[in-house]
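Now for the letters of each chain:
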Amino acid sequence: MKILGIETSCDETAASVVNNGTKILSNIIASSSEMHAKTGGIIPEQAARQQVKSIIPVIQEALGKVTKLTRYKAYGEKNSVTRLFNNIVSPEIDAIAVTVGPGLIGSLLVGVETAKTLSWVWKKPIIPVNHLVAHIYANWLEPEVKGKKSKNKKIRKPEFPALALVVSGGHTDLVLMRGHGKIQWIGGTRDDAAGEALDKTARLLGLPYPGGPSISKKAEKYLSENSEFKIKNLKLFPRPLLNEKNFDLSFSGLKTAVLREVRGKRLKEKDIERLSAEIQEAIVDSLVEKSIRAIKIFKPKSFLLAGGVAANKRLRKKILSKILEGGLKAKLHVPEPILCTDNAAYVASYAYFNYHPIPWKKISVDPELTITDLKNL
Ligand code: KG4
Ligand code: ZN
């Protein structure tokens, strides 16, 4: 079954065709993040305008059987709905899946209204998708083929019960999955999300948006020599709630601590690299500690990382070493980095494994959706 996924919850316009929830046939992403880098963060109105410009050509290209992953800046204005309808009369897809929330209302509306229109015009079933849960399904996608070596690389499918840590720009949640659609929230942030903390503290260091990759690059530089010794001494910033016997996290204090550290100082490149490593380690430590605690208590068969922050190399490495060190049985699954950040392939995958089409007229956006909101979906 081929599903066309559509994702427009924030500043990425993405469309992808996925076969049987695992094989990516096309995966197109147009991002307006460079534009937001100039303003240091997303301006919702501008993100929505870029969505309007990009949505039609991105869907068109995804349906054009492109096999490689392509990443664009937002498309120009010359493409129109007419062009899409003229070129693609009846695409070879079985259904359409679209992110309905959470996200920015203007951005979400562009994807949802386009998907509803296409569902009606093409007479295809449509499945509404929760963006946060969909992130987890990046773990079901086969890695993109890069060169001959990885040609036979098949993905080990996650087994249930699974624990998932979803770490994105706006959310940080730990959930227990007893099966597809059976999701129980067990913990998460009480205030800022991990990605948000990275984006905000990067700004304090004068690093460009999005902050996660910027901080990660600088931290890697700092840790390129004597990394073990240096990591042991990364203790500058707080790791709140670590001693509490729950799965709660908190990142808002980090912002204040970083501000206190940098205020009135002229930072040299070396300071920025060291502080980036400090910030990254504080966030990674908190995420890993609470995840390991949850693995010990719930004893899942799989542990799944998901969301943009899951692309972080240090997080991936540390969670693996702690699972091994602790002799824990949970198998770690991490998506390819490019599949961690927003794309539509996981939207299509989610819809395959949670196939609940509903009449297009009943589909509407819900910017405030939480990770356990699967009602009406
Ligand atoms: O899931 P995502 O692409 O979008 C949302 O749904 O929010 O996550 C975006 C977040 C941003 O905060 C960004 O700074 C962070 O993911 N991020 C990273 C990395 N790549 C993206 N954080 C740490 N390391 C990375 N390599
Ligand atoms: Zn996301």
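Preceding this paragraph is the structure being described.
Residues numbered from 1 in each chain as written. Chains lettered and ligands numbered in written order. Predicted model: local features only at pLDDT ≥ 70, side-chain atom pairs only at ≥ 80, totals over all residues. Heavy atoms only, no water.

A. Structural view of the site of ligand 1. Around ligand 1, a shell composed of 19 residues is seen, among which H135, G169, D199, G212 and G308 lie nearest. For ligand 1, an oxygen atom lies 2.9 Å from a polar atom in the side chain of H135. Contact distances for ligand 1 include 2.9 Å between an oxygen atom and a backbone N or O atom of G212. Calculation on ligand 1 without its partners gives an accessible area of 550 Å², and the protein chains cover 87% of this total. Most atoms of ligand 1, that is more than half of them, are within 2 Å of grid points of the largest pocket. For the shell around ligand 1, the secondary structure elements donating two or more residues are α5 (131-136), α6 (194-204) and α7 (211-222). Broken down by class, the residue content of the shell around ligand 1 amounts to five nonpolar, 12 polar and two charged. (Near = heavy atom within 4 Å. Polar contact = N/O pair within 3.5 Å; in protein donor to acceptor, adjacent residues only side chain to side chain. Areas by Shrake-Rupley, 256 points an atom, 1.4 Å probe, with all protein chains shown as cover. 1 Å grid on protein atoms, 1.4 Å probe; cavity = no way out; pocket = protein on both sides within 12 Å on 5 of 7 lines; lining within 4 Å. Sits in = over half its atoms within 2 Å of the grid points. Helix = DSSP H or I, 4+ residues; strand = E, 2+ residues; numbered from the N terminus. Nonpolar A, V, L, I, M, F, W, Y, C, P; charged D, E, K, R; others polar.)

B. Geometry of the coordination of the zinc ion (ligand 2). Here the zinc ion (ligand 2) is held by H131 (NE2), H135 (NE2) and D342 (OD), and the distances to it run 2.0 to 2.1 Å. Here the donor residues of the zinc ion (ligand 2) are spaced in sequence according to H-x3-H-x206-D. Here the residue H135 occupies a position in helix α5, and D342 occupies one in the loop between α12 (337-340) and α13 (345-353), the gap between them amounting to 207 residues. Accessibility assignment for this pair places H135 and D342 in one class, buried. (Donors = N, O, S within 2.8 Å, 3.2 Å for Na, K, Ca; no water. Buried < 20%, exposed > 50% of the residue type's maximum accessible area, 1.4 Å probe, protein only.)

C. Inspection of the nonpolar core at higher detail. In terms of nonpolar packing, the biggest core is built from 43 residues, with I279, I283, L287 and F303 touching the most fellow members. Where this core is concerned, the elements lending two or more residues are β7 (162-167), β8 (172-179), α6, α9 (252-262), α10 (269-298), β10 (302-306) and α11 (313-325). Looking at which element gives the most residues to this core, the answer is α10, with 11 residues. Beyond its immediate stretch of four places on either side in the chain, I279 contacts L198, T201, L205, I215, F237, L254 and V258. If you look at the next biggest cluster of nonpolar residues, it comprises 32 residues, including I3, A97, Y350 and I371. (Core = buried A, V, L, I, M, F, W, Y, C linked by side-chain atoms within 4.5 Å. Contact = heavy atoms within 4.5 Å.)

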